[in-house]
Amino acid sequence: MPNPSALIVDDSLTVRMDLVEGFEAAGFRVTGCADLASARAALAAAPADVVVLDLLLPDGDGIELLRELRADPARAAAVVLMLSSEAEVADRVRGLRTGADEYVGKPYDRPAVVARAQQLLRSRRGVAAAQPPVLLIDDSATFREALAQALTEAGHVVATAASGEEGLRMAAATRPGALIVDSRLPGVDGTTVIRRVRLDAALRDLPCLLLTGSEERSAELLALDAGADAFARKDEPLDVVLARLAALLRSAADSRAARAPAPPGGSQRVLAVDDSATYRQELTAQLRAEGYDVVAARSGEEALELLAVQPVDCILMDLVMPGLDGRETCRRIKAAPGVRDIPLIMLTGHEDGRSLIESLAAGADDYIQKSADFVVLAARVRAQVRRKQFEDENRRIREQLLHERHEAARARAAHEAAEARAALADELERATQAKSQFLATMSHEIRTPLNAIIGMAGLLADSPLNLEQREFANVIRASGDHLLTVINDILDFSQLESGRLPLERLPFEAEALVEQSLDLVAARAREKGIELTYELAPGLPRRLLGDAGRLRQILVNYLSNAVKFSERGEVVVRLDGQRCADGRLQLHGAVRDTGIGIPRERFERLFQSFSQVDASTRREYGGSGLGLAICKRLAELMDGQVWADSEPGRGSTFHFSVLLAPPPDEAAADAAAGAAPALAGLHAWIVDDNDTNRQILRRQLEQWGLVVRDTGRPEQALQWALQGDRADVAVLDFQMPGLDGRQLAQALHLQRGAALKQVLLTSGRPLSDADARAAGLQAQLSKPVKHASLRATLEALLRPAPAAPASAVLPPAVPGAALHVLVAEDNPINAQVLAYVLDEMGHRFEVVASGGEAIAALRRQRFDVVLMDVQMPGMDGIEATRRIHAEWPAGQRPPIYALTAGVMDHEQRACREAGMDGFLVKPLERDQLEALFNRLLKTR
């Protein structure tokens, strides 16, 4: 660190050169100036660390420059020592109140001036550069504004509060440099505020000044007992409050700098008060010869002003003076909290005992005649200073002991509180475990009969019934579905509320996540004629790391609402992602529908527990009001958020964002999902009257390298064909106005023949093989179109190879495709429901009632899939799965899916650990089974 700099400003060449020499000897870089103009120029060129400033200069008042320094943030940290004649007491007070750090009277002691400047500079550099505010707490707006203005004009940064509660919050937030608080406040009063400040480890050393409107002495005692450092009455002039605050701040700064009992050089400061200039000068000279720093005053009034801004170690007071005499001045000093402990020696020229008694009665600590030998006076001063130092040390020790006792008590209280919290946490943990066990048991007990109710109602509705009977069956099925939704929502919400919902961190495919979610709502969307489609942003990694199950739960909830509240149109899912600075991926998902929309004034109800847009929504559409609240909690668990956009009558878009990390093989997965070499450069036509579907398909095909043309009018495609425009493949929607997809395929086939490969996109059941071949179709795909299936179909059709029949590239789940299913279920009603459903779907099956019977059946013959109930008598599903894994290696055993009414995480974790490949949660939905069997058929 470079040597500190000093600026000496004095019009006396002798004084200026003397101080320049002294500061240079102490290692300062020194500049001397004789007037304000040259001083301002020097400060503009380079700021000074220390400024020694004469009060009276040829071109102005030194206090003007002091005020400029304190107002300039770049130079406000400079240490400023004012120089002036001892006789100019008012100027000393003015300088200290304006912001001078010290006042040096002429004649001065050069080593003492340099030493004091060094001490103040060390202290200043140990304090943070930013000026902390003075926190003013008072419920009187008038007094608060007046005092705040006075503090601001004095150079303080001020923060205000109108109550104790507000003040405590601000103190904790802003860490003020001092606290001024009214004793009487509504709610938390001033003494309570100070006590709480003293209990805060970060604030306990905060200088505190208590204000009161009371004139009773008990008010002061209460203030000091509460821990206030000083006390002031509100009826006193504001200058007195400012002076007390300045003294407090100086004391606090000195304490932080570990001030010793005596200033550098071993000197103590003595205030000499006498109206006789001759005696005052003699007394000052003698005391300085003894090594004391002397401050002189001509009257009691000047003495009080000086004490308000500058602390001293001892006071010598003349008894008889004009104006305030010595006794009255002594009474006022001993009544002031900040200075009452300063030793005061009364001086008098009288020798009568009455003066002695009256002086001591006024509060003087000693009494001495002016005619006494000065050696006696010096001895008395030394004795009083020693007594004060001893009392100060005793006070410090008492405060330290009190602080240690308080810290010990606080530590004991903290320990007891920690033990109480631990006991409470144990009790809460036991209660949570009991609650979880209860929920798991009730879930199983409710879901098992509910599976039979929903399953049988579905089978009954599909049987030959009259209109009234079918309506009854549909009511039973709808009520069961609603009850199942409520049960699921309550279980999920309960787990989220208890904080016991763990998140998985496993790799998953983004495309599979969306497709599986769409599969679960596809049947309901087909019933209402709603188009389902999805799009993955080009830059989105295909393999991600996170909890796919919980993300699917959010997506399914959004999709279910979108289908529920839309009567026609489309529902579109889009996923995109953005890299974060820490390497993680912020995944953004959006589900857009063309439903009824939500009014702007009802947005605050979204994502709240047990809340829907309005009561009519629940009556018309049903629901528990928990689904979106669960989505919000799940997204927040994954460091994300949820929100929505909507316009009544136009539809809604529900969003979520979560933070995920891509797995290590991200680059390879992305490359596999990118351009398809087998398709690059080939020409494709897309004909679909739905703009969204058409645009998404176009972007996907272009990403695979195809050259794409698209239209929403079948007639346009026929025109392209007549013109001879190139096309290798045509992707046609089935349901279009005018010509439908089948008719358009026939027309194109007549013009182009087998050279044009055609793929039909259907929302219902596909055409038979014969009808497809007659129309010139080579493949059919069900909506929502899965990108992987579309790509595989296009590659199979366009790869140079012998032509294959239409059925070869149709989806695996066409009529006639069947699986051999083993069902292990001990509940006869549930087994009967499954048997009816499997038979209706065209699959072969065998039903057994225990895990042991399931193993025996697998030994007899081969099955494509096992549907294994978890809770069965004898050998349950968990143990049976373990034994199947032990007996048959991978590749020789069928996949095993749990049939379970248990939806708690620990129940599903037990299934995974046993080796099960997935879950089918009771009550079973036909759509769940169809989606599972379709996936198995594709991989068979």
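Residues numbered from 1 in each chain as written. Predicted model: local features only at pLDDT ≥ 70, side-chain atom pairs only at ≥ 80, totals over all residues. Heavy atoms only, no water.

## Description of the overall build of the chain
Of the regular secondary structure elements, the chain holds 31 helices and 34 strands. Contacts in the chain between residues far apart in sequence, at least 24 positions, make up 68% of those at least 6 positions apart. Working note: accessible area of the chain is about 43500 Å², and carbon and sulfur atoms make up 53% of it. (Helix = DSSP H or I, 4+ residues; strand = E, 2+ residues; numbered from the N terminus. Contact = heavy atoms within 4.5 Å. Areas by Shrake-Rupley, 256 points an atom, 1.4 Å probe, with all protein chains shown as cover.)

## A closer look at the sheet that holds strand 10 (residues 178-182)
A sheet is described by the order of its strands in space; here 5 strands give the open sequence 9-8-10-11-12, paired in parallel fashion. Two strands lie at the open edges of the sheet, namely strand 9 (158-161) and strand 12 (230-233), each paired on one side alone. Adjacent strand axes in the sheet meet at a mean angle of 20 degrees, parallel and antiparallel pairs treated alike. Across the sheet, helix 6 (residues 141-153) is in contact with strand 8 (134-137), strand 9, strand 10 and strand 11 (208-212); its angle to strand 9 comes to roughly 170 degrees. (Pairing = 2+ DSSP bridges. Axes fitted to C-alpha atoms, helices over the stretch in contact; angles between N-to-C directions.)

## Brief notes about the pattern of salt bridges
On inspection of all chains with the given rule, the structure shows 49 salt bridges. Across the pair glutamate 879 and arginine 882 runs a salt bridge whose closest N-O atoms are separated by 3.4 Å. One end of the pair is glutamate 879 and the other is arginine 882, both in helix 29 (residues 877-887) and 3 residues apart, which spans about a single turn. Its relative accessible area of 44% is what places arginine 882 among the partly exposed residues. It is possible to trace a salt-bridge network through shared partners that takes in Asp691, Arg694, Arg698, Glu702 and Asp710. (Salt bridge = Lys/Arg side-chain N within 4 Å of Asp/Glu carboxyl O. Buried < 20%, exposed > 50% of the residue type's maximum accessible area, 1.4 Å probe, protein only.)

## What to know about the packing of aromatic side chains
Within the structure shown, the criterion is met by 4 aromatic pairs. Look at phenylalanine 23 and phenylalanine 28: their rings are 5.1 Å apart centre to centre, the planes differ by 80 degrees, and that puts the pair in the edge-to-face class. Since its relative accessible area comes to 0%, phenylalanine 23 is described here as buried. Look at tyrosine 558 and phenylalanine 654: their rings are 5.5 Å apart centre to centre, the planes differ by 50 degrees, and that puts the pair in the tilted class. Placement of tyrosine 558 in helix 18 (residues 548-564) and of phenylalanine 654 in strand 24 (residues 651-660) is noted, with a sequence separation of 96 residues between them. Across the pair, exposure class does not vary: tyrosine 558 and phenylalanine 654 are buried alike. Against the face of tyrosine 279 rests lysine 370, its NZ or CZ located 4.8 Å from the ring centre. (Phe/Tyr/Trp six-rings, centres within 6.5 Å; stacked < 30°, edge-to-face > 60°. Lys NZ or Arg CZ within 6 Å of the ring centre and 35° of its normal.)

## Some words on the UniProt feature "modified residue: 4-aspartylphosphate" (unreviewed entry) in the chain
According to UniProt, the positions carrying the feature "modified residue: 4-aspartylphosphate" (unreviewed entry) are Asp54, Asp182, Asp318, Asp733 and Asp869. Position of aspartate 54 among the secondary structure elements: in strand 3 (residues 50-54). For aspartate 54, a relative accessible area of 5% gives the class buried. With near-sequence residues (within four places) excluded, aspartate 54 lies in contact with Val9, Asp10, Asp11, Gly62, Leu83, Ser84 and Lys106. Residue position: aspartate 182 is located in strand 10. Taking relative accessible area as the criterion, aspartate 182 reaches 6% and is therefore assigned buried. (UniProt positions renumbered as here; feature names shortened; annotations may be inferred.)

## A short note on the pairing of strand 13 (residues 269-273)
Across the 5 residues of strand 13, 5 count as buried, placing the element largely inside the fold. The pairing of strand 13 with strand 14 (residues 293-297) spans 5 bridges and is classified as parallel. When the sheet's bridge partners are listed, valine 270 is paired in strand 14 with valine 294. As judged from the 4 bridges shared by strand 13 and strand 15 (residues 314-318), these two strands associate in the parallel manner. Looking at strand 15, one finds that alanine 272 is bridged to leucine 316.

## With respect to the pairing of strand 23 (residues 641-647)
In strand 23, alternate side chains face the same way, and those of Val642, Ala644 and Ser646 are buried while those of Gln641, Trp643, Asp645 and Glu647 on the opposite face are not. Where strand 23 folds back on strand 24, the antiparallel hairpin that results is connected by 3 residues, among which glycine 649 adopts a positive phi of roughly 85 degrees.

## A closer look at unusual backbone geometry
In this structure, proline 784 follows lysine 783 across a cis peptide bond, with omega equal to -5 degrees. When you line up the elements, proline 784 lands in the loop between strand 29 (779-782) and helix 26 (787-798). Phi at aspartate 639 takes a positive value of approximately 60 degrees, unusual for a residue other than glycine. For aspartate 639, the position within the fold is in the loop between helix 20 (627-637) and strand 23. We classify aspartate 639 as exposed; its relative accessible area is 52%.

## Thoughts on the side chain of threonine 881
Inspection of the secondary structure assignment puts threonine 881 in helix 29. Each residue touching threonine 881, except ones within four places of it in the same chain, is listed here: Met868, Ile896, Ala914, Gly915 and Met916.

## Regarding empty space enclosed by the protein
Per the stated rule, a full pass over the model turns up 2 cavities of 30 Å³ or more. Approximately 100 Å³ is the volume found for the largest cavity. When contributions to the lining of the largest cavity are tallied by element, the ones reaching two or more residues are strand 19 (531-536) and helix 22 (691-703). Ranked by residue count, the leading element in the lining of the largest cavity is strand 19, at 4 residues. Of the residues that constitute the lining of the largest cavity, the class distribution is 7 nonpolar, 3 polar and 3 charged. (1 Å grid on protein atoms, 1.4 Å probe; cavity = no way out; pocket = protein on both sides within 12 Å on 5 of 7 lines; lining within 4 Å. Points joined across faces, edges and corners; volume = space filled by probe spheres on them. Nonpolar A, V, L, I, M, F, W, Y, C, P; charged D, E, K, R; others polar.)

## Observations regarding helix 13 (residues 326-335)
All of the buried residues in helix 13 are Gly326, Thr329, Cys330, Ile333 and Lys334. Relative to the axis of helix 13, the buried residues are bounded by an arc of 130 degrees and lie together on one face. Buried residues belonging to helix 13 abut helix 12 (300-309), strand 15, strand 16 (344-348) and helix 14 (353-362). (Arc of directions from axis to C-beta.)

## A few points about the confidence of the model for the chain
Mean pLDDT over the chain: 83, with 88% of residues reaching 70 or higher. Scored below 50 in pLDDT, residues 258-266 makes 8 contacts in the model with residues more than four places away or belonging to other chains. Predicted confidence is poor over residues 801-816, with pLDDT under 50, and the contacts of this stretch with residues over four places away or in other chains come to 26 contacts. (pLDDT = per-residue confidence, 0-100.)

## Things to note about the side chain of serine 359
Topologically, serine 359 is positioned in helix 14. Ignoring any residue separated from it by four or fewer positions in sequence, one finds serine 359 in contact with Leu319, Arg327, Met346, Ala364 and Tyr367.

## With respect to helix 6
Under the 1.5 Å per step criterion, the end-to-end length of helix 6 is 18 Å for 13 residues, consistent within 8% with the ideal 18 Å. If you check which residues of helix 6 are buried, you get Phe143, Arg144, Leu147, Ala148, Ala150 and Leu151. Viewed end-on, helix 6 has its buried residues packed into an arc of 160 degrees, placing them on one side of the element. Along helix 6, the residues that are exposed and aim more than 90 degrees away from the buried face are Thr142, Glu145 and Glu153. (Expected span 1.5 Å × (residues − 1).)

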